Amino acid sequence: MTDKTYPIASAKIGTQDGFRLPRAFSKDHPHLVNTSGYVQVLSKNTFLVQLDTDEVEEVDETESIMMSLFLDFLMKDAVKNPEQLVAYTKEMSDEMDELLCDVVLDA
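Residues numbered from 1 in each chain as written. Predicted model: local features only at pLDDT ≥ 70, side-chain atom pairs only at ≥ 80, totals over all residues. Heavy atoms only, no water.

Student: Mind showing me how you'd approach the packing of aromatic side chains here?
Tutor: The description of an aromatic ring pair rests on the distance of the ring centres and on the angle between the ring planes. On inspection of all chains with the given rule, the structure shows two aromatic pairs. Measuring from ring centre to ring centre gives 5.2 Å for Y6 and F25, while their planes differ by 90 degrees; the resulting arrangement is edge-to-face. In this pair, Y6 sits in the segment before strand 1 (9-13) while F25 sits in helix 1 (residues 23-28), placing the two residues 19 residues apart along the sequence. Comparing Y6 with F25 shows no difference in burial state: the two are buried. (Phe/Tyr/Trp six-rings, centres within 6.5 Å; stacked < 30°, edge-to-face > 60°. Helix = DSSP H or I, 4+ residues; strand = E, 2+ residues; numbered from the N terminus. Buried < 20%, exposed > 50% of the residue type's maximum accessible area, 1.4 Å probe, protein only.)

This is the structure in structure tokens:
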């Protein structure tokens, strides 16, 4: 997955409302041109687009997208409400280590 972002603009497409992507998007991702898919609204100003492609995607790509959206939300909240931030202490670290000491992760 790429970290590159592309500006979009609202556009009238026939009798439908839509969004226009810049040509750079099509050049960078030609496999996504002429595909159909779905839009999921995540919040008032955030939506996720999932396209139906014939390509096999990595299993964890959805998790990666959701993690990225979650971290973006946390960053915006931290900038908006810096007074709510709490320094991560050694005691917090020790508590997490104790909670996770018997947890086994799959490779």
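Read on for the rest.
Student: Explanation requested: the environment of M75 in the structure shown.
Tutor: One can find M75 in helix 2 (residues 61-80). Accessibility expressed as a relative area gives 54% for M75, which makes it exposed. In this structure, the C-alpha to C-alpha distance between M75 and N34, residues 41 residues apart in sequence, is 34 Å.

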